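Here's the letter readout for the chains.
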Amino acid sequence: QVQLVESGGGQVQPGGSLRLSCAASGINFSFFNMGWYRQAPGKQRELVADITSSLITNYADSVKGRFTISRINGWKTVYLQMTNLKTEDTAVYYCNAALSTAVYWGQGTQVTVSA
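Okay, so let's go over this structure. Being a predicted model, the structure only gives us computed values, none of them experimental.

A short note on the overall build of the chain
Alright, step 1. When helices and strands are tallied, the chain shows zero helices and 11 strands.
Alright, step 2. For the chain, the sequential pattern of α-helices and β-strands runs β-β-β-β-β-β-β-β-β-β-β.
Alright, step 3. By the compact-globule yardstick of 13 Å for 115 residues, the chain fits well, its C-alpha radius of gyration being 13 Å.
Alright, step 4. Looking at the chain as a whole, 39% of its 115 residues qualify as buried.
Alright, step 5. Summarising the internal contacts of the chain: among those between residues at least 6 apart in sequence, 54% fall at separations of at least 24.
Alright, step 6. Carbon together with sulfur atoms contributes 49% to the accessible area of the chain, which is approximately 6000 Å² in total.

As structure tokens, this is what we get:
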């Protein structure tokens, strides 16, 4: 059974930082491309950042220079370090694992940025 379990969400003031974690089980983690997506109320789910099995990273323009995605294959975990958070970063953040036609999602973790 595949599980992606996110943690690290919460409420933070603008300019603050959070680190999200996603622990995977049931997959051969090192072969999967891993990503973070987010969905704000009334909006479509969007890619925030992803990292391939070869450690190539990609970021949405809105988070470049502020967010960093990383992974530790031995721990089957992917991280999203978020700095200089803005109110528009408020959303539910989802972990994603993808390899060919196999796509898995976590349950999501809420990030709220407000004063």
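A few points about the pattern of salt bridges
Alright, step 1. Overall, the coordinates contain four salt bridges when judged by the stated rule.
Alright, step 2. Between Glu46 and Arg38 there is a salt bridge; the shortest N-O distance is 2.8 Å.
Alright, step 3. Since its relative accessible area comes to 36%, Glu46 is described here as partly exposed.
Alright, step 4. For the salt bridge of Arg38 with Asp89, the shortest nitrogen-to-oxygen distance reads 2.9 Å. Taken together, the residues Arg38 in strand 4 (residues 33–39) and Asp89 in the loop between strand 8 (77–82) and strand 9 (91–99) connect sequence positions 51 residues apart.

Points about the packing of aromatic side chains
Alright, step 1. Enumeration according to the criterion identifies two aromatic pairs in this entry.
Alright, step 2. Measuring from centroid to centroid gives 6.1 Å for Phe32 and Tyr104, while their planes differ by 45°, and the two rings are tilted. Note that Phe32 is positioned in the loop between strand 3 (18–25) and strand 4 and Tyr104 in strand 10 (residues 102–105), a separation of 72 residues in sequence.
Alright, step 3. The class for Phe32 is buried, based on a relative accessible area of 6%.
Alright, step 4. According to the relative accessible area criterion, Tyr104 is partly exposed, its value standing at 29%.
Alright, step 5. One cation-aromatic arrangement involves Arg45 over Tyr94; the distance from NZ or CZ to the ring centre is 3.7 Å.
Alright, step 6. Over the face of the ring belonging to Phe29 we find Arg71, whose NZ or CZ atom lies 4.7 Å from the ring centre.

Quick look at the state of the cysteines
Alright, step 1. Summed over all chains, the structure comprises one disulfide.
Alright, step 2. One disulfide bridge connects Cys22 with Cys95, the sulfur atoms lying 2.1 Å from each other. Between Cys22 and Cys95, the S-S dihedral sits near -80°, and the bridge is therefore left-handed. With Cys22 in strand 3 and Cys95 in strand 9, this residue pair connects regions lying 73 residues apart in the sequence. In this structure, Cys22 and Cys95 share a single accessibility class: buried.

Conventions we followed
- Residues numbered from 1 in each chain as written.
- Predicted model: local features only at pLDDT ≥ 70, side-chain atom pairs only at ≥ 80, totals over all residues.
- Heavy atoms only, no water.
- Helix = DSSP H or I, 4+ residues; strand = E, 2+ residues; numbered from the N terminus.
- Rg over C-alpha atoms; globule rule 2.2 N^0.38 Å.
- Buried < 20%, exposed > 50% of the residue type's maximum accessible area, 1.4 Å probe, protein only.
- Contact = heavy atoms within 4.5 Å.
- Areas by Shrake-Rupley, 256 points an atom, 1.4 Å probe, with all protein chains shown as cover.
- Salt bridge = Lys/Arg side-chain N within 4 Å of Asp/Glu carboxyl O.
- Phe/Tyr/Trp six-rings, centres within 6.5 Å; stacked < 30°, edge-to-face > 60°.
- Lys NZ or Arg CZ within 6 Å of the ring centre and 35° of its normal.
- Disulfide = S-S within 2.5 Å.

Read these as layout, nothing more, since geometry by itself doesn't imply function.
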